[in-house]
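Okay, here's what each chain looks like letter by letter:
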Amino acid sequence: MTHSFEQAMAAFRPALPLAVALSGGADSSALLIACAERWPGQVCAIHVNHGLQQAAGEFEAHCKALCQRLNVLLAVQPVAAGAAPGQSPEEAARSARYKAFESLSLDGIGQVAIQSIALAQHADDQVETLLLALSRGAGLPGLAAMPSHWQRAGIDWYRPLLRVPGRAVRDWLRARGETWVEDPSNGDLRFTRNRIRAQLMPVLEAQFPAFRDTFARSSAHAAQAQWLLLEVAQGDLAAVGTPPQIRALQQLSAARQANVLRHWLQSEHGCAPSAAQLQELQRQIAACTTRGHRIEIKVGGGFVRRSNDRLHWYNPRVLAP
Ligand SMILES: Nc1ncnc2c1ncn2[C@@H]1O[C@H](COP(=O)(O)OP(=O)(O)OP(=O)(O)O)[C@@H](O)[C@H]1O
């Protein structure tokens, strides 16, 4: 079921003090206003200025004016994001933004020690994320789309508006005579996400009026299955050891072996192997029957190699003298 903005806010019970990630757009402005009214003196805001667009100053000015009116402490963080190889400027900006949120909240805002951070993505953002994941052939983590709550670095992160349609957020703001800054790049049809929003969502809505709900249900099923896989992978990694012992890996079924290898590479080394890389690694593990047998496969800017009776992941840049 989609929720009204008020229903979603009534169900939202974050750890306080809370920081709202405020871009200056409609969704985060609405979230900040509702939170500041509900928990006066317990809410701060964080705005990251990427300086990427001409409107960057306008966003920051709106955030400052809104926070002043609401009597909310605002931290503004200028961020210059350089894109890593293979990363789009948007991805680089997002990753710099999350780092800034994390360091600001760990340091505290003013004298306030932040317990949680709220982001304002809504139901349409969730559907767009799912469709983008499908278009890339994502596995379960991608199909699970965005979680509504998670913990990282001792902070609770929330997305309380994930069941609220975008237009309900804007209607709530309009009914109260509130303003926001419109992101000019949202209308740029060179971006896939914007084409999904402008061209695909209206078609889906006409064919499947409840698609926001049904898609959200599918994402919730995928998220549940993903948790289960994670639990199995954690148990299996504890059994095969870190780094994993090859003989212990060979005892596992192919599906559990792939699951634990993916988890090991991701959690220990931050790399996400492709399906083809995993398949090749499993083929080499199966073929590894004698002591001198080599295993070597390129994964995530490094190599998985056999060393004695275990698999190791090496990063050549770290190993280089
Ligand atoms: N520059 C920023 N500074 C602080 N928070 C941000 C910034 N950009 C995005 N966010 C947070 O991340 C969420 C998702 O960002 P995204 O760019 O997908 O949405 P948005 O269109 O900017 O949303 P909004 O309508 O709130 O501006 C926002 O709702 C907001 O909570």
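Residues numbered from 1 in each chain as written. Predicted model: local features only at pLDDT ≥ 70, side-chain atom pairs only at ≥ 80, totals over all residues. Heavy atoms only, no water.

Colleague: Explain helix α2 (residues 26-38) to me, using residue names and the numbers behind them.
Modeller: Spanning 13 residues, α2 covers 18 Å between terminal C-alpha atoms, matching the ideal 18 Å at 1.5 Å per step. Among the 13 residues that make up α2, 11 are buried, leaving the element largely enclosed by the rest of the structure. Buried within α2 are the following residues: A26, D27, S28, S29, A30, L31, L32, I33, A34, C35 and A36. The secondary structure elements touched by the buried residues of α2 are α1 (5-11), β1 (18-21), β2 (43-49), α3 (56-70), β4 (116-118) and α7 (166-175). (Helix = DSSP H or I, 4+ residues; strand = E, 2+ residues; numbered from the N terminus. Expected span 1.5 Å × (residues − 1). Buried < 20%, exposed > 50% of the residue type's maximum accessible area, 1.4 Å probe, protein only. Contact = heavy atoms within 4.5 Å.)

Colleague: Run through the pairing of β2, naming residues and quoting values.
Modeller: The side chains of a regular strand alternate between the sheet's two faces. Counting buried positions over the seven residues of β2 gives seven, a clear majority of the element. Both β1 and β2 contribute to a ladder of four bridges, which runs parallel. Bridging from a neighbouring strand, A21 pairs with I46 of β2. Between the parallel elements β1 and β2, the chain passes through α2 in a crossover that is right-handed. Bridge analysis of β2 against strand β3 (residues 73-78) gives six bridges, and the strand direction is parallel. By the bridge assignment for β3, V48 is matched with Q77. (Pairing = 2+ DSSP bridges. Right-handed = clockwise from strand over helix to strand, strands pointing away.)

Colleague: Let's hear about the packing of helix α5 (residues 123-135) against helix α9 (residues 211-240): which residues, and what values?
Modeller: Packing of α5 against α9 brings their axes to within 10 Å, and their N-to-C directions diverge by 60°. Classed by the angle they form, the pair α5 and α9 counts as oblique. Handedness of the α5/α9 crossing: left-handed. Contacts between α5 and α9 involve A123, D124, V127, L130 and L131 on the former and, on the latter, F211, R212, F215 and S219. Here the contact of α5 with α9 is built from residues that sort into six nonpolar, one polar and two charged. (Axes fitted to C-alpha atoms, helices over the stretch in contact; angles between N-to-C directions. Parallel < 35°, antiparallel > 145°, perpendicular 65-115°, else oblique. Left-handed = near helix turned anticlockwise from the far one by under 90°. Nonpolar A, V, L, I, M, F, W, Y, C, P; charged D, E, K, R; others polar.)

Colleague: Describe the site of the ligand, and please don't skip the residues or the numbers.
Modeller: The environment of the ligand is made up of 15 residues, and the closest members are A21, S23, D27, S28 and V48. A distance of 3.4 Å separates an oxygen atom of the ligand from a polar atom in the backbone of A26. Considered on its own, the ligand offers 570 Å² of accessible surface; in the complex 81% of this is hidden by protein. Looking at the shell around the ligand, the elements that each hand over two or more residues are α2, β2 and α4 (89-107). Considering only residue class, the shell around the ligand consists of eight nonpolar, five polar and two charged. (Near = heavy atom within 4 Å. Polar contact = N/O pair within 3.5 Å; in protein donor to acceptor, adjacent residues only side chain to side chain. Areas by Shrake-Rupley, 256 points an atom, 1.4 Å probe, with all protein chains shown as cover.)

Colleague: Which residues make up the packing of aromatic side chains, and what values do they have?
Modeller: Two descriptors summarise a pair of aromatic rings, namely the distance from one centre to the other and the angle between the planes of the rings. Taken as a whole and assessed by the stated rule, the structure comprises seven aromatic pairs. Where F5 meets W172, the ring centres are 4.3 Å apart and the plane angle is 40°; that geometry is what we call tilted. Of the two residues, F5 is situated in helix α1 and W172 in helix α7; the sequence distance between them amounts to 167 residues. Classification of W172 as buried rests on a relative accessible area of 11%. Joined through ring pairs, the aromatic side chains of Y98, F101, W150 and W157 make up one cluster. Above the face of the F303 ring, R305 is positioned so that its terminal group lies 4.8 Å from the ring centre. (Phe/Tyr/Trp six-rings, centres within 6.5 Å; stacked < 30°, edge-to-face > 60°. Lys NZ or Arg CZ within 6 Å of the ring centre and 35° of its normal.)

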